[in-house]
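# Reading the structure
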Amino acid sequence: MGYLGNHLATVSTGIFAAVLTGLWAFWDLSPILDFIFLMAVPITWFLTFTCWISQKSTDYMHKHASSHAQTEKKSLSSSQTIQTTTSGSQVTLSEIKQIQSELSTELNNLKESVKLKDGEIERLNQEISNLQTLVQIESLKTELANLKMLASKRK
């Protein structure tokens, strides 16, 4: 982040605007140059303000997104239940373990019929063992359904 806190564009545009303002006020210029400065100075100050507002917005969104991500991460304990936000249903750790075993069995059955690469099977087994939320379960079920469809097309 550095000393400027990601405001390098704001600072450099602000310095340029200040230099233009100082040059415009210091010199008595011809009408054409006076018109150019009359246009350039407010535009550069507007750009400085725009850079500052956009950086503040970005900082706010990153801070908000990281705090939101931290509140959504949950570690599973033996008695913990997970409530989904879409359906409102709750899943216990034992239900997740049961789903993991069902998905592992389904993957092993599918392995015989599809002839998947060993790396793909290992990746899916790893995903099954790391299941923690209903979203992950549904995603894995979808992937297995796609593999089943692929297997049925090959026959």
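Residues numbered from 1 in each chain as written. Predicted model: local features only at pLDDT ≥ 70, side-chain atom pairs only at ≥ 80, totals over all residues. Heavy atoms only, no water.

Attention shifts here to the overall build of the protein chain. Helix and strand content of the protein chain: five helices and two strands. Along the protein chain, from the amino end to the carboxyl end, the secondary structure elements read α-α-β-β-α-α-α. Counting all 155 residues of the protein chain, 22% fall into the buried class. For the protein chain, restricting intrachain contacts to residue pairs at least 6 apart in sequence, the fraction spanning at least 24 positions comes to 55%. By element, 62% of the accessible surface of the protein chain is carried by carbon and sulfur atoms, the whole surface being about 11300 Å². (Helix = DSSP H or I, 4+ residues; strand = E, 2+ residues; numbered from the N terminus. Buried < 20%, exposed > 50% of the residue type's maximum accessible area, 1.4 Å probe, protein only. Contact = heavy atoms within 4.5 Å. Areas by Shrake-Rupley, 256 points an atom, 1.4 Å probe, with all protein chains shown as cover.)

Right, let's talk about the side chain of T44 for a bit. Mapping T44 onto the fold places it in helix α2 (residues 31–72). Overall, T44 belongs to the buried group, its relative accessible area being 7%. Setting aside its immediate chain neighbours within four residues, T44 contacts T13, F16, A17 and L20.

Time to look at the side chain of Q55. Take Q55: it is sitting in helix α2. Those residues within four positions of Q55 in sequence are excluded, and the remaining contacts are N6 and H7.

We now examine the nonpolar core. Grouped together as the largest cluster of nonpolar side chains are twelve residues: I96, I99, L103, L107, L110, L124, I128, I137, L140, L144, L147 and A151. If you list the elements that add at least two residues to this core, you get α3 (93–114), α4 (118–129) and α5 (134–154). (Core = buried A, V, L, I, M, F, W, Y, C linked by side-chain atoms within 4.5 Å.)

The next subject is the confidence of the model for the protein chain. With 70% of its residues at a pLDDT of at least 70, the protein chain reaches an overall mean of 76. Taking the mean pLDDT of every element in the protein chain, the minimum, 49, falls on strand β1 (residues 81–83) and the maximum, 91, on helix α1 (residues 8–26). Below a pLDDT of 50 lies the segment residues 74–79, which in the model reaches ten contacts outside its immediate sequence neighbourhood of four places, other chains included. (pLDDT = per-residue confidence, 0-100.)

Tracing the backbone through its elements, the reader meets I43 in helix α2. I43 sits in the partly exposed class, given a relative accessible area of 48%. Remark: the alpha-carbon pair of I43 and A17, spanning 26 residues in sequence, is separated by 8.4 Å.

The next subject is α1. Over its 19 residues, α1 extends 27 Å from the first C-alpha to the last, a length consistent with the 27 Å expected when each residue adds 1.5 Å. All of the buried residues in α1 are T10, T13, G14, A17 and L20. Along α1, the residues classed as buried sweep out an arc of 125° about the axis, all on the same side. Exposed and facing more than 90 degrees away from the buried side of α1 are L8, I15 and F26. (Expected span 1.5 Å × (residues − 1). Arc of directions from axis to C-beta.)

To continue, consider a nonpolar patch on the surface. A cluster of nonpolar side chains, contributed by I32, L33, F35, I36, L38, M39, I43, F46 and L47, occupies part of the molecular surface with about 900 Å² of accessible area. Here L38 shows up in helix α2. (Patch = residues over 30% accessible without salt bridge, like charges linked within 9 Å, V, L, I, M, F, W, Y side chains within 5 Å. Salt bridge = Lys/Arg side-chain N within 4 Å of Asp/Glu carboxyl O.)

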